[in-house]
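What follows is each chain in one-letter form.
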Amino acid sequence: MTEPPILNEHHKQEFPPMHTAEHLLNALMVKTFGCERSRNAHIERKKSKISYDLPTCPTEAQVEWIAEEMNRLIQSGMEVAYDFVTIDQLPAGVKPDRLPDDVSEAIRLVRIGDYDVCPCIGQHVGNTREIGRFVLLGTNWDEAKHSFRIRFKLEVQQA
């Protein structure tokens, strides 16, 4: 039996559905607006907020589409899987700049179907359908900083 790889210590207790939704939203924003993954997120069980640096404020139609696309992605039932690599094996497009300076030899990649891959040691659901429904609570645009903030919560699907 192979021993599990040793990873950096993790001091957070994420709510897996919300944390996985954060990954999906990051990937959606990167693919849609060509921005980087957020560096300013406050992810909590009840409601979360996450900001993106964008050249212009998204239109109302784009904001509506983000919410609709998030729910489509969630309901698509993508499996969440993990791979372990070393820093020199990171896939194309995965930047090492957000890894800690003392990163462990093994790096855990979180894969959400073929839609997203990101190094992360946090807790996630096993399938996107476990996330529930994405509910957009509102957005804010900071013109001076070119920062677009999205506030959202999740509603658990009832069987």
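Note: the structure precedes this text.
Criteria and cut-off values
Residues numbered from 1 in each chain as written. Predicted model: local features only at pLDDT ≥ 70, side-chain atom pairs only at ≥ 80, totals over all residues. Heavy atoms only, no water. Buried < 20%, exposed > 50% of the residue type's maximum accessible area, 1.4 Å probe, protein only. Salt bridge = Lys/Arg side-chain N within 4 Å of Asp/Glu carboxyl O. Helix = DSSP H or I, 4+ residues; strand = E, 2+ residues; numbered from the N terminus. Core = buried A, V, L, I, M, F, W, Y, C linked by side-chain atoms within 4.5 Å. Contact = heavy atoms within 4.5 Å.

At H146, a residue that is not glycine, the phi angle is positive and equals roughly 55°. Of the residues examined, H146 reaches a relative accessible area of 29% and is grouped as partly exposed.

Moving on, we get to the pattern of salt bridges. Scanning all chains against the criterion turns up 8 salt bridges. Among the salt bridges present, the one from R98 reaches E36, with a minimum N-O distance of 3.6 Å. Here the residue R98 occupies a position in the loop between β3 (80-85) and β4 (107-112), and E36 occupies one in the loop between α1 (16-33) and β1 (40-42), the gap between them amounting to 62 residues. With its nearest N and O atoms 2.7 Å apart, the salt bridge here joins R72 to E69. Taken together, the positions of R72 and E69, both in helix α2 (residues 60-75) and 3 residues apart, correspond to about one turn of that helix. Overall, the relative accessible area of 12% leaves E69 in the buried class. Shared partners join several salt bridges into a network, and the residues in it are E36, R39, K95, D97 and R98.

Time to look at the nonpolar core. Ranked by internal contacts, the top residues of the largest apolar core, which has 30 residues, are L24, L25, M29, Y52, F134, I150 and F152. If you list the elements that add at least two residues to this core, you get α1, β2 (48-53), α2, β4 and β7 (147-155). Counting residues per element, this core draws most heavily on α1, at 7 residues. The contacts of F152, once residues within four sequence positions are left out, are M18, A21, L25, I43, K47, S48, I50, F134, V135, L136 and L137. Formed by 6 residues, the second largest nonpolar core is a distinct cluster that contains V85, L99, I107 and L109.

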